[in-house]
Structure formats: C-alpha cells, structure tokens
Amino acid sequence: MNAKTKKRIVLKIGSNTLTKETNHISRGKIEDIANQVASLKDEYEFIIVSSGAIAAAKQFVQLEGNGKEINVKQALASIGQLHLMRIYQENFRELGLYVSQCLLSYSDFKSESTRENIVNTINILCENDYIPIINENDTVATDEIQFGDNDKLAAMSAVLLKADLLVIATNTNGIYTRNSIEQNQPKTITSVNSVEQLLNEVADGKSSHGTGGMLSKVEAVKIANSANIETWILNGLEDDFIVRAVNGSSIFTKIEKTVTY
Ligand SMILES: Nc1ncnc2c1ncn2[C@@H]1O[C@H](COP(=O)(O)OP(=O)(O)O)[C@@H](O)[C@H]1O
Ligand SMILES: N[C@@H](CCC(=O)OP(=O)(O)O)C(=O)O
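Residues numbered from 1 in each chain as written. Chains lettered and ligands numbered in written order. Predicted model: local features only at pLDDT ≥ 70, side-chain atom pairs only at ≥ 80, totals over all residues.

**Student:** How should I be thinking about the overall build of the chain in this particular structure?
**Tutor:** Per the secondary structure count, the chain includes 11 helices and seven strands. In terms of overall dimensions, the chain is globule-like: its C-alpha atoms have a radius of gyration of 17 Å, near the 18 Å expected for 261 residues. Its C-alpha atoms give the chain principal-axis dimensions of roughly 50 × 40 × 40 Å. Buried positions account for 42% of the 261 residues belonging to the chain. When contacts within the chain are restricted to residue pairs at least 6 apart in sequence, those whose partners lie at least 24 apart make up 75%. (Helix = DSSP H or I, 4+ residues; strand = E, 2+ residues; numbered from the N terminus. Rg over C-alpha atoms; globule rule 2.2 N^0.38 Å. Buried ≥ 20, exposed ≤ 12 C-beta atoms within 10 Å, placed from the backbone. Contact = placed C-beta atoms within 7 Å.)

**Student:** Honestly, the UniProt feature "binding site: substrate" (unreviewed entry) in the chain in this entry has me stumped. Any pointers?
**Tutor:** Here, UniProt's "binding site: substrate" (unreviewed entry) annotation points to Ser51, Asp138 and Asn150. These residues run over 100 residues, yet every pair of their C-alpha atoms falls within 10.7 Å of each other. Judged by local crowding, Ser51 falls into the buried class, with 28 C-beta atoms found within 10 Å. (UniProt positions renumbered as here; feature names shortened; annotations may be inferred.)

**Student:** I tried to follow helix H10 (residues 213-226) on my own but got confused; where do I start?
**Tutor:** The periodicity of an α-helix, 3.6 residues per turn, causes residues three or four positions apart to be oriented the same way. Relative to the 20 Å expected for 14 residues at 1.5 Å per residue, H10 spans 21 Å between its end C-alpha atoms, a close match to the ideal helical length. For H10, every residue scored as buried is listed here: Met214, Ser216, Lys217, Val218, Ala220, Val221, Ala224 and Asn225. Buried residues along H10 sit against helix H7 (150-160), strand S5 (165-170), helix H9 (195-199), strand S6 (230-235) and strand S7 (253-255). Within two residues after H10, Asn228 carries a phi angle of roughly 65°, on the positive side. (Expected span 1.5 Å × (residues − 1).)

**Student:** Teacher, can you tell me more about the environment of Ala77 here?
**Tutor:** Mapping Ala77 onto the fold places it in helix H4 (residues 70-94). For the pair Ala77 and Ile54, spaced 23 residues apart in sequence, the C-alpha to C-alpha distance is 4.5 Å. Sequence-distant contacts of Ala77, that is, excluding residues within four places in its chain, are made with Ala53, Ile54, Ala57 and Asp138.

**Student:** It is not clear to me how the nonpolar core should be interpreted in this structure. Could you clarify?
**Tutor:** In globular proteins that are soluble, nonpolar side chains generally tend to be buried together. Ranked by internal contacts, the top residues of the largest apolar core, which has 63 residues, are Val10, Leu11, Ile48, Ala154, Leu166 and Val167. Each residue touching Leu166, except ones within four places of it in the same chain, is listed here: Val10, Ala154, Ala155, Ala158, Ala224, Ile229 and Thr231. (Core = buried A, V, L, I, M, F, W, Y, C linked by C-beta atoms within 7 Å.)

**Student:** Help me understand the sheet that holds S7, please; the structure alone is not making it clear to me.
**Tutor:** Strands belonging to one sheet form pairs held by backbone hydrogen bonds; the direction of such a pair is parallel or antiparallel. On the basis of which strands lie adjacent, the open sheet formed by seven strands has the order S3-S4-S2-S1-S5-S6-S7 and mixed pairing. What marks the edges here is a single partner per strand, and that holds for strand S3 (98-104) and S7. If you compare each strand with its neighbour and ignore which way they point, the axes differ by 20° on average. Relative to strand S4 (residues 130-136), S3 runs parallel, the two sharing seven bridges. Bridging across to S4, Ser100 finds its partner in Pro132. Across the face of the sheet, H4 comes into contact with strand S2 (44-50), S3 and S4 while running at roughly 155° to S3. (Pairing = 2+ DSSP bridges. Axes fitted to C-alpha atoms, helices over the stretch in contact; angles between N-to-C directions.)

**Student:** Help me out: how do you make sense of the pairing of S4 in this one?
**Tutor:** A regular strand carries its side chains on alternate faces of the sheet. Among the seven residues in S4, six count as buried, and that is most of the element. Bridging between S2 and S4 involves two bridges; their strand directions are parallel. The partner of Ile48 across the bridge, within S4, is Ile133. Taken together, S3, helix H5 (residues 112-127) and S4 form a β-α-β motif whose crossover is right-handed. (Right-handed = clockwise from strand over helix to strand, strands pointing away.)

**Student:** Looking at this structure, I do not really get the confidence of the model for the chain. What am I missing?
**Tutor:** Interpretation of this model should avoid reading the predicted coordinates in detail wherever pLDDT is low. Model confidence for the chain is summarised by a mean pLDDT of 91, while 92% of its residues fall at 70 or above. Interface scoring of the predicted complex returns ipTM 0.96; its pTM is 0.94. (pLDDT = per-residue confidence, 0-100.)

**Student:** Looking at this structure, how should I read H4?
**Tutor:** Compared with the 36 Å implied by 1.5 Å per residue over 25 residues, the 36 Å span of H4 between its first and last C-alpha is a close match. The axis of H4 is deflected most strongly, by about 30°, at Gly80. For H4, the full list of buried residues reads Lys73, Leu76, Ala77, Gly80, Gln81, Leu84, Tyr88, Asn91 and Phe92. Of the residues trailing H4, Gly96 is marked for its positive phi of about 75°. (Bend = angle between axes of the 7 residues up to and from the residue.)

Below is the structure:
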C-alpha cells in the first residue's frame, strides 16, 4: 500500500498514558506504541501528538517554585522535551522507525502561510516514512499549559492534515457515563448519538499529570467531527491499545463522523 492509500491516523497520547500514571516516562509504554506503529504501518500512516515533556523533566529536575506557575512549567517543558524525544527516538529506531519533532503553537493554525508550511513539512516527512511527533511549543504558549492541553492541538492537526481518524489515548476506557462514575462502576459510552450528549457526561476529575480532563477531549471531538473526522477515545494504559481497537477487541468510545452536534 502506498502512502496515498494508507489511512492517516493522528494519535494523541496524554501524559498519564506515557507515565503509566507514575512519576516518570515509561520506556515500556513508548516501546508498546512503537511496536503497534510497526505492526500497523502497512495500512496506516501515523502522526503522533505527544504530551509528556513536563512529566519527563520532573523526573530529572526540580525547579524553584511549586511547579504550578506557568513559567516554571514552560521551563520544565523545555528541559523535558529533549528527554521525551530521545526516548521516542531510541525505541522507534530499534524497530527501524524514524521520528521527527514538530513544535506547534495555536497561532500557527491561524495564518495561511504557517498552515501551509505545517502541511507541506508534515506531508514530506510522511512521504519519506518519518513519523512526525507534535507537541505544543510550550516556550511561547500561555493558554495551553494553563487552561487546556494537547487534545485540541491534536484535533486541529487532524483537521489541517486531513486525517482519516483521530485517536485520543488516555487513562480510561473512553468516556464513561457520569452516573456510572458517581456510582464507582465506570461504564463506557460505546454508542454516541450526539457530541452534545458527551458534554453532559463530563465529570470534574482529571488524572495526576492530566491538564484538560475529559472536557478538552470532548472539545477535540467537536473540532474533528465538524470536519467529518471520526474520533476514538481509548485506554492507552493497556498494551496494544491501538491494535486492539482496530481489531474490535477492546471497549472504547467511538464517535463516528456521521454523529452530529
Ligand atoms: N465521563 C468521563 N469519563 C471518563 N473520564 C472522565 C470523565 N469525566 C472526567 N473524566 C476524567 O478525565 C481524565 C482524563 O483526562 P486527563 O486527566 O486530562 O488525561 P490525559 O493526560 O490522558 O489527557 C480521567 O482520568 C477522569 O478523571
Ligand atoms: N505540552 C505539555 C503539557 C500538555 C499536557 O499535559 O497534556 P495532557 O497530558 O495531554 O493532558 C507537555 O508536553 O508536558
């Protein structure tokens, strides 16, 4: 299958998935992602949107401040991004896969010329079998680290890059009904009638390293859905989470492109 007939997946991986809910980046999880990309690469083309820079830095340094101020987070992201990419590069290279880094800001999606540059660069990378790994350019960002997270960036990238599918890997088996969370017996919403229905199910919580919680994932769904892109929200903590979802052997939330707002 050549690049043009492959399905393009934008895969967003949250900090909790990458750390396996610990205080350090899990090499095992990145190895698991590499294995899956390798086994699916004949049919699917991957563009990864990876969080984890701040989490990666925290395992090496403690900067002054309580770690919550925006500038401290930006400095941590700057330190951690290198470590994160090194771990990706080492693990992917083992399987003959090559990665590249793209740091994007929300403002880059606004101007026609920067949009065009993003598309052209990433298409050339993909055509040459490089797997682009996108993260927000946290040094210049403010809103993202403070109020949102990479879910929206992944959705905007999926739209700009004309992806066939947006996959958001998090630490739950997709979106649970709010009722089931309250009763401590989480039940995944597998059949989605409308994006609005999902908004009503969002609970307050978010995980230890998480930034946006489920609300930002539903907002990402809205962006992808408005461009006719299907979204899957699934549990990245499980081994083989993409392969199992593709094979239909795991439970997750699928938002078909025909679902309306
Ligand atoms: N309806 C819901 N179903 C599942 N998780 C939910 C729901 N509402 C809120 N959450 C919270 O969203 C969290 C996932 O988002 P987040 O912490 O930002 O993770 P990530 O780092 O993967 O982006 C879950 O761990 C959970 O606490
Ligand atoms: N861009 C930053 C923060 C993004 C973030 O934490 O997002 P997420 O884990 O997806 O909720 C990083 O790489 O650490």
